[in-house]
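Residues per chain, in single letters:
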Amino acid sequence: MRLVVITLSARLPGLLSGAGWEALRSGPVYAADPSVGAVFGVSVVDGAAGFLRQEHPVAVWLDGDEEFIAELRAAGASVEVVAGSADPPGARLLDLVGVMDRLRRECPWDSQQTHESLKSYLLEEAYEAYDALQDGDPVALREELGDVLFQVFFHSRLAEESADPWSVDDVAGDLVAKLVRRHPHVFDGLAVSGADEVNANWDSIKRAEKQRESIFDGIPDSLPALILAETLRRKAIRAGLPADLLPAGDDPGRRLFGAAHDDAESALRAVAREFAGRVRAAECAARAAGQDPSTMDAVRWRQFWPATD
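Conventions and cut-offs
- Residues numbered from 1 in each chain as written.
- Predicted model: local features only at pLDDT ≥ 70, side-chain atom pairs only at ≥ 80, totals over all residues.
- Heavy atoms only, no water.
- Axes fitted to C-alpha atoms, helices over the stretch in contact; angles between N-to-C directions.
- Helix = DSSP H or I, 4+ residues; strand = E, 2+ residues; numbered from the N terminus.
- Parallel < 35°, antiparallel > 145°, perpendicular 65-115°, else oblique.
- Left-handed = near helix turned anticlockwise from the far one by under 90°.
- Contact = heavy atoms within 4.5 Å.
- Nonpolar A, V, L, I, M, F, W, Y, C, P; charged D, E, K, R; others polar.
- Phe/Tyr/Trp six-rings, centres within 6.5 Å; stacked < 30°, edge-to-face > 60°.
- Buried < 20%, exposed > 50% of the residue type's maximum accessible area, 1.4 Å probe, protein only.
- Lys NZ or Arg CZ within 6 Å of the ring centre and 35° of its normal.
- pLDDT = per-residue confidence, 0-100.
- Pairing = 2+ DSSP bridges.
- Salt bridge = Lys/Arg side-chain N within 4 Å of Asp/Glu carboxyl O.
- 1 Å grid on protein atoms, 1.4 Å probe; cavity = no way out; pocket = protein on both sides within 12 Å on 5 of 7 lines; lining within 4 Å.
- Points joined across faces, edges and corners; volume = space filled by probe spheres on them.

Let us now look at the packing of helix H6 (residues 115-135) against helix H7 (residues 138-159). Running from amino to carboxyl end, H6 crosses H7 at an angle of 160°, the nearest separation of the two axes being 8 Å. Taken together, H6 and H7 sit at an angle that is classed as roughly antiparallel. Relative to H7, the crossing made by H6 is left-handed. Residues His115, Leu118, Tyr121, Leu122, Glu125, Ala126, Glu128, Ala129, Ala132 and Leu133 of H6 form the contact with H7, whose own contacting residues are Ala140, Leu141, Glu144, Leu145, Asp147, Val148, Gln151, Phe154, His155, Leu158 and Ala159. Residues that form the contact of H6 with H7 fall into these classes: 14 nonpolar, three polar and four charged.

With that settled, consider the packing of aromatic side chains. Per the stated rule, a full pass over the model turns up seven aromatic pairs. Between the aromatic rings of Phe51 and Trp61, the centroid separation amounts to 5.2 Å while the plane-to-plane angle is 55°, which identifies the pairing as tilted. One end of the pair, Phe51, is in helix H3 (residues 47-52); the other, Trp61, is in strand S4 (residues 58-62), and 10 residues separate them in sequence. On the accessibility criterion, Phe51 (0% relative accessible area) is buried. According to the relative accessible area criterion, Trp61 is buried, its value standing at 3%. Between Trp61 and Phe68, the aromatic rings sit 4.5 Å apart at their centres with planes inclined by 20°, giving stacked as the arrangement. You can call Phe68 buried: its relative accessible area is 9%. Among the aromatic residues, those joined into a cluster by ring pairs are Tyr30, Phe51, Trp61 and Phe68. Sitting over the face of the ring of Trp202, Arg182 holds its NZ or CZ atom 4.9 Å from the ring centroid.

We now examine the confidence of the model for the protein chain. A residue-level look at the protein chain finds 99% of positions with pLDDT of 70 or above and a mean pLDDT of 89. Ranking the elements of the protein chain by mean pLDDT puts helix H2 (residues 34-40) last with 75 and H7 first with 97.

Attention shifts here to the pairing of strand S1 (residues 2-7). In terms of residue burial, S1 counts as a mostly covered element, since five of its six residues are buried. Bridge analysis of S1 against S4 gives five bridges, and the strand direction is parallel. Its bridge partner being in S4, Ile6 is matched across the sheet by Leu62.

Let us look at the pattern of salt bridges. Tallied over the full model, the rule gives 15 salt bridges. As a salt-bridge pair, Arg157 and Glu161 come within 2.8 Å of each other at their nearest N and O atoms. On the basis of relative accessible area, Arg157 is assigned to the buried category, the value being 13%. Exposure remark for Glu161: the relative accessible area of 44% places this residue in the partly exposed category.

A separate point is the layout of surface pockets. Space inside the largest pocket adds up to approximately 280 Å³. Lining of the largest pocket is provided by 13 residues; of these, Asp203, Arg207, Ile215, Lys235 and Arg238 occupy positions nearest its centre. When contributions to the lining of the largest pocket are tallied by element, the ones reaching two or more residues are helix H10 (195-210) and helix H11 (225-238). Per element, the largest residue contribution to the lining of the largest pocket is four residues, and it comes from H10. Split by residue class, the lining of the largest pocket holds four nonpolar, two polar and seven charged.

Turning next to the sheet that holds S1. Adjacent strands of a sheet pair through backbone hydrogen bonds, lying either parallel or antiparallel. Pairing is parallel in the open sheet, where five strands are placed in the order S3-S2-S4-S1-S5. With partners counted over all chains shown, the strands left at the sheet margins are strand S3 (43-44) and strand S5 (79-83), one partner each. In the packing of helix H4 (residues 66-74) onto the sheet, contacts are made with S1, S4 and S5, and the angle to S5 comes to roughly 165°.

Encoded structure:
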């Protein structure tokens, strides 16, 4: 007897490849899981032992895993394995939906959270992802993006319990629709000359969608001050505002606004982190020399200050 085992995706068992469908037609089909049997309309038998008792020239098993295949081969059977389906990109997001749902039901902490209580975590996780980018650390970035994603799923799960419910599927659906609308050069055959025209089209489409009256509508006031100034400056210049109308002057706020361009936030952060690193290095050197950094005067700070690269 020829035994054919069709493997299925655990997350999307209803999908089947062309090779999988062809294998289904090669002989009687069996499965152990009643739900799989119901989906494909096949006979349900008791595992490998039940499958081996079938008397057909060809018998097909649907949804076999490595353990099942090993059990058949240990019994002396010759087994042909067909990849019936595999997880498509993004399939692990289905796992996150299930985990999030269980955490909300069963975890004492997660079950008590609200949109309000989670606000600070969303900011914190975003900044930690930003730090990983600044450090050029792809391993840390992968982890921190996961934490940001968790916040998206958490808020979406909370929204399912609201008076006007929506889910993470609605979030993804809205995003896909927005990206398609705002990329007519990709999805609708619009010819563009380059990235500048893409940006201009994006802004034009966005203004029409939002029915905004000002070029600054939609910029969150809660942005860090330097990023806010940089964003306002960029949008004003893009809209054609003359540079001499931008804030300028001798007071600290106007000087900072004038410097808020060319990714000033990132540049200032890099200088700040470099300075903090040099302070830590001086403190470490002082302790190694038996000094207490908290009592050092200017002379001692200079003594232990690291040399420039």
